[in-house]
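The residues making up each chain are set out below.
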Amino acid sequence: MAEKDTIKEVSVLIIDDEKTSLAANELSVRRLLDGEGFESHRAAIFKASSIEEALSVLRKQVVHVVLLDKDLGEDEKGRAVNGISYIPEILDIQPMAQVLMITGNDDTRLAVKAIQSGACGYVVKGGDGDKLEYRNTQILKALERSKTEIERAKERLQGEKGHGKYICESQAMQALESQLKALAEYPAPVLFLGESGLGKTAAAKRLGQLRGKLLGQKDRPFFNINMANIPKNLADSMLFGHEKGAFTGADKARQGLFELAAGGDLFLDEIGEADLEVQAKLLKVIEEKEFYRVGGKKAFRSNARLILATNRDLKEMVIAKGFREDLYARICSFDITLPSLEDRKEDIPYICESIIEGLCREHPSQKTTFTYADFPESLKEYLQRDNIPFNIRGIRNDIERLFIISNVNPKTGRLDFTNWKAVLGLHKKSVFYSKKPVESITYKDFTKLPTAFLGDDFPGLKEAKHLFEKKLMEEAASKCKTKMQVADILKISKTIIAGKLYKYNVTVGN
């Protein structure tokens, strides 16, 4: 998250199409901030000579105050660009930013219009003495208001933990939670990576909850769709909507998901399955925030935050021409790899309990309720085995089968899981392996073991793999000073490094 690293204690964005005026404003603001004790290492001043440049900055940086010139020259069609008309879009991207309009005309009507559009104040360009002092006072007040709003918003996130289907007990998931809280401050697209069944949809919803909490939205819209399930001929209509008569059966105009998700989040799962034509239109929405309904000529603006997910290697797809390189470049800035179940074993009991609660709600008349505590230890151990097929989805499949097929014990009135192996169709010899300890060996020895090692005493591939992984973790940790360096040297995701170090009881730097 390189953009996050550049955030200063205070930040100001100056938008002015005149280079001389832009430079003068920058110098004036720099002197003001220096006078208030905000040296260069504590303050950031961003400049933009057009609205397009300004919106690009706002999507990447936290900005406290925007100094917006009213007259921003002409667009490519020769039309005058009025800064006031862009205030809602600026605040759409960064609701806590304070917009100060700057103009050469001391016109009360313009001031009222700017404030009605969302500006916090209106000051006259240039001048000295009282005018300069007033402008500086307004900038400092705006900085204070913005910082206060941001701090209040962050306080709303403190103590927030995952709930419902989003389980956040393990260190690996707590590290993910920290990333989501940081990303909640930005409206930029986020890409979730990982195998199917790891909870990418739950993570996307959690990101939406955190963004809503940050912005004070009580019910932030969240829409999701699996791109693999959309027929090619319907994708445009479902995403962008259509006008009446656009195609056979279009008896009336309909909104698409980008319109329905206004002010909220649109989650596109399995984005790697999207058709190349759809990918091109998604790129346009991301870059220009505009789209057209199928059969329509009117451009619609989109302020929906785009969240995407895939279990495919998009880099390889780009090389194979199956995914647009320009789209990948726009969505990979904030990519997050979800931790595997193997890296979050502590969460599995809570995941099981959540699944059980959901099944009991979905089938209130089905036999009886039950809890994770009703499972025998052997079943609990089985549910926490390594490489569970389909991950969380696989756990749910097993628990749902047990829920439906298991009998009720007439004495206790609760489900009886004594014969859980038979219910799941498992044979005793293949249920799961024994977890007896393995003698310590170095990983170099491990790679040179003779085939005779694979005899009756071989503990199982999983234990051998864990031992090998632990030795790699220990050697990497001994060479590094930080967890991030360990992640880099092992070429694994920074999201899961804390969980692995905790799992193997490895300390960095010793």
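Just above, that's the structure.
Now for a quick tour of the structure. Predicted model only: the values in this text are computed from it and were never measured.

1. A look at unusual backbone geometry
Here is step 1: With a phi close to 60 degrees, Lys289 is a non-glycine residue in the positive phi region.
Here is step 2: Along the chain, the position of Lys289 falls in the loop between α11 (276-288) and β11 (290-292).
Here is step 3: Of note, the phi angle at Lys321 is positive, near 65 degrees, even though the residue is not glycine.
Here is step 4: Take Lys321: it is sitting in the loop between α12 (314-319) and α13 (325-331).

2. A word on the pattern of salt bridges
Any two side chains of opposite charge can pair, given that their charged atoms come close.
Here is step 1: Within the structure shown, the criterion is met by 19 salt bridges.
Here is step 2: Of the charged contacts in the structure, one is a salt bridge between Lys70 and Asp71, with a shortest N-O distance of 2.9 Å.
Here is step 3: Through salt bridges with shared partners, a single ionic network connects Glu89, Glu290 and Arg301.

3. Side note on the pairing of strand β3 (residues 65-69)
Here is step 1: Burial analysis of β3 places 5 of its 5 residues in the buried class, the great majority of the element.
Here is step 2: Taking every second residue as pointing to the same face, both faces of β3 are buried, with Val65, Leu67 and Asp69 on one and Val66 and Leu68 on the other.
Here is step 3: The sheet contact formed by β3 and strand β6 (residues 98-103) spans 5 bridges and is parallel. Note on β6: the bridge partner recorded for Val65 is Gln98.

4. Remarks on the nonpolar core
Here is step 1: Phe192, Phe370, Phe375, Ile395 and Ile399 are the most contacted members of the largest nonpolar core, which totals 47 residues.
Here is step 2: What Ile395 contacts, discounting residues up to four positions off in sequence, is Leu341, Ile348, Cys352, Ile355, Leu383 and Ile388.

5. A closer look at helix α2 (residues 19-35)
Here is step 1: Taking 1.5 Å of rise per residue, the 17 residues of α2 would be expected to cover 24 Å, and the 24 Å separating its terminal C-alpha atoms lies within 8% of that figure.
Here is step 2: Ser21, Leu22, Asn25, Ser28, Val29, Leu32 and Leu33 are the residues of α2 that are buried. One side of α2 holds all its buried residues, which, seen down the axis, span an arc of 130 degrees. Looking at α2, the residues exposed on the side facing more than 90 degrees away from the buried face are Lys19, Thr20, Arg31 and Gly35.
Here is step 3: Just beyond α2, the residue with positive phi is Gly37, at close to 95 degrees.

6. Some thoughts on the sheet that holds strand β9 (residues 222-226)
Backbone hydrogen bonds are what pair the strands of a sheet, in a parallel or an antiparallel way.
Here is step 1: With parallel pairing, 5 strands are arranged side by side in an open sheet as β9-β10-β13-β8-β14. Two strands close off the open sheet at either side, each with one partner strand: β9 and β14 (335-337). Between one strand and the next, the sheet's axes are offset by a mean angle of 20 degrees, whatever the strand orientation.
Here is step 2: Both strand β10 (residues 265-269) and strand β13 (residues 305-310) contribute to a ladder of 4 bridges, which runs parallel. Opposite Leu268, over in β13, you have Leu308 as the bridge partner.
Here is step 3: Strand contacts of helix α7 (residues 171-183): β8 (190-193), β13 and β14, with the helix running at about 165 degrees to β14, the strand carrying the most contacts.

Scoring rules and cut-offs
- Every chain begins its residue count from 1, and numbering advances along the sequence as written.
- Side-chain atom pairs in this predicted model are given and counted only at pLDDT of 80 or more, local residue features only at pLDDT of at least 70, and totals for whole chains, interfaces and linings cover all residues.
- The basis for every side-chain value is the complete set of non-hydrogen atoms in the structure, without hydrogens or water.
- The helix count covers DSSP runs of H or I at least four residues long, the strand count covers runs of E at least two residues long, and both are numbered beginning at the N terminus.
- Any Lys or Arg side-chain nitrogen located within 4 Å of an Asp or Glu carboxyl oxygen qualifies as a salt bridge.
- Residue burial is assigned from relative accessible area. The probe radius is 1.4 Å, only protein chains are included, and a residue is buried under 20% of its type maximum, exposed over 50%, and partly exposed in between.
- DSSP calls a pair of strands paired once it identifies at least 2 bridges connecting them.
- The set of buried Ala, Val, Leu, Ile, Met, Phe, Trp, Tyr and Cys residues whose side-chain atoms join them within 4.5 Å is what this entry labels a nonpolar core.
- Note on definitions: a residue-residue contact is assigned when non-hydrogen atoms from the two residues lie within 4.5 Å.
- A helix's residues, less one, multiplied by 1.5 Å, set its expected span.
- Arc definition: it is the arc formed by the directions from the helix axis to the C-beta atoms.
- With axes taken as lines fitted to C-alpha atoms, and helix axes fitted only over the stretch in contact, angles between N-to-C directions fall between 0 and 180 degrees.

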